[in-house]
Each structure stands twice: as structure tokens, then as C-alpha cells.
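As a plain string of letters, each chain reads:
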Amino acid sequence: MAAAASFASVPFLPPASAQSENRQAISTAHFPGRRRRHFVTLAVDSSSSESPPAATESPEIELEFIGPKPVGDGSYPVDKVKVKSGEKVLRNIMLENKLELYGAYGKVMNCGGGGTCGTCIVEVVDGKDLLNERTNTEMKYLKKKPDTWRLACQTIVGNKENAGKVVIQRLPQWTK
């Protein structure tokens, strides 16, 4: 049979002498239990008046995705997205933002980002230096394609330290 324990919340206030003299304050709180007594000791260094260090924000990469087909006036639609550098693969960014990634065949027959089908092809128009190098998988599937073509499932956007702008042409095989 399990023993039930009751706990009381006890507010912690350092002794007044420690607050006024900027010394380390130690307080002990007692939590009565049914069979055992539990003690918690808290230490506060009140001499430190510095605020905690500010969290540094990771750099952002601005992505522009050019649509594969022109609209009525002949221009290509452009979708803009900002992401933290080095945190996501291009395929996931496009799917999360509901951007067209696959052609008709790829919508049905893609590998789900495993790098085994070669259907998530994009073209890097600008900002190639903000992406990772081509992987062995990309070398295999894109060996007869232009150097600017990448597999979205293999392309990491940024390296956690760089920031800038990358321009991506979606479905480049439709424009060639």
C-alpha cells in the first residue's frame, strides 16, 4: 500500500540581513511528509546585480522561391520565407510553407525526403554559398544536370553562422 504524502508550498524569502549586506543567503524549507521529513536548501547570491546574459539570436536566411509558371502578366510569382540558419532542409521549408515542390510524377512517386528518387529538384539562382555542398546522393541523381540544380531533400539552408538571401527556382525542369 502506497503512502500518501502531502506537501505545502513555502515561499522563499532570504533573510533581511543577507539582502542588506549583499551576502549569500541560505534558507531551508521543511516539507512535512507522512513518514519522512524532506528538506530543501536554497542558496541565493544576492551580491550579483548583473542581469542574465541575453540569448543571441541565430542568423536568418531569407529565401525567395520563384514559381515554375508565369502568371497572367508574364511575370513569375515569388514567395518569400525567412528561416533560422542551419536548422532546416529546403524540402521541409517548402512543404511547411505549402510551396509547390513536386511535378505530377513526384507528387505520387516521391520518397518522402529520403534522397532515393530525385524528384525534388530545385535550381539555386542566387546564394549558393549559403547552402551546404552537394551530397553524394545529389552527385548520383544530378550528374547530367546543371551545377545549380539541387535536391531539396539534401540541401541544408545555412550553417548556423551565416545569414543572407537565397533565390530558388521551383521545378526548373519545367522552365528549360
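Everything numeric in this text was worked out from a predicted model, so none of it was measured. (Residues numbered from 1 in each chain as written. Predicted model: local features only at pLDDT ≥ 70, side-chain atom pairs only at ≥ 80, totals over all residues. Heavy atoms only, no water.)

Looking now at the overall build of the chain. A count of helical and extended segments in the chain gives four helices and seven strands. Counting helices and strands in the order they occur from the N terminus, the chain gives α-β-β-β-β-α-α-β-α-β-β. Across the 176 residues of the chain, 32% fall into the buried class. For the chain, contacts bridging at least 24 residues in sequence account for 58% of all contacts bridging at least 6. Total accessible area computed for the chain in this model is approximately 11,800 Å², and 51% of it derives from carbon and sulfur atoms. (Helix = DSSP H or I, 4+ residues; strand = E, 2+ residues; numbered from the N terminus. Buried < 20%, exposed > 50% of the residue type's maximum accessible area, 1.4 Å probe, protein only. Contact = heavy atoms within 4.5 Å. Areas by Shrake-Rupley, 256 points an atom, 1.4 Å probe, with all protein chains shown as cover.)

So, about the sheet that holds strand β3 (residues 60-66). Pairing is mixed in the open sheet, where five strands are placed in the order β4-β3-β7-β5-β6. Edge positions in the open sheet fall to β4 (78-84) and β6 (149-151), since each of these has one partner strand only. On average, adjacent strands in this sheet sit at an angle of 35° to one another, irrespective of strand direction. Bridge count between strand β5 (residues 121-126) and strand β7 (residues 164-170): four bridges; the pairing is antiparallel. Considered in β7, the bridge of V122 is made with R170. (Pairing = 2+ DSSP bridges. Axes fitted to C-alpha atoms, helices over the stretch in contact; angles between N-to-C directions.)

Moving on, we get to the confidence of the model for the chain. Mean pLDDT over the chain: 80, with 66% of residues reaching 70 or higher. The least confident element of the chain is helix α1 (residues 16-21), whose mean pLDDT is 48; the most confident is helix α2 (residues 90-96), at 97. Low confidence marks residues 17-28, where pLDDT is under 50. Its contacts with residues over four positions away, or in another chain, come to 26 contacts. (pLDDT = per-residue confidence, 0-100.)

Glancing now at the nonpolar core. Among the nonpolar cores identified, the biggest contains 25 residues, and L63, F65, L90, V157 and V166 are the most heavily contacted of them. Breaking this core down by element, the ones donating at least two residues are β3, β4, α2, β5, β6 and β7. Here V157 is in contact with I61, L63, V83, K84, S85, G86, E87, K88, L90, I93, L130 and L131, once residues within four sequence places are set aside. (Core = buried A, V, L, I, M, F, W, Y, C linked by side-chain atoms within 4.5 Å.)

Topologically, L142 is positioned in the loop between α4 (136-141) and β6. Along the primary structure L142 and G118 are separated by 24 residues, whereas in three dimensions their C-alpha atoms are 7.9 Å apart.

Take the environment of N162 next. Tracing the chain through its elements places N162 in the loop between β6 and β7. Residue N162 is classed as buried on the basis of its relative accessible area of 15%. Sequence separation of N162 and K84 is 78 residues, and the distance between their C-alpha atoms is 9.6 Å. Ignoring any residue separated from it by four or fewer positions in sequence, one finds N162 in contact with P59, I61, S85, D129 and L130. A distance of 2.8 Å separates the side chain of N162 from the side chain of S85, its partner in a polar contact. (Polar contact = N/O pair within 3.5 Å; in protein donor to acceptor, adjacent residues only side chain to side chain.)

When you line up the elements, A152 lands in the loop between β6 and β7. Between the C-alpha atoms of A152 and V122, which are 30 residues apart in sequence, the distance is 6.3 Å. Ignoring any residue separated from it by four or fewer positions in sequence, one finds A152 in contact with V89, L90, R91, L101, C120 and V122.

With that settled, the discussion passes to unusual backbone geometry. Of note, the phi angle at K98 is positive, near 55°, even though the residue is not glycine. Turning to its location among the elements, K98 is positioned in the loop between α2 and α3 (104-109). Positive phi, normally seen in glycine, also occurs at K160, with a value near 75°. Residue classification places K160 among the exposed positions, given a relative accessible area of 53%.

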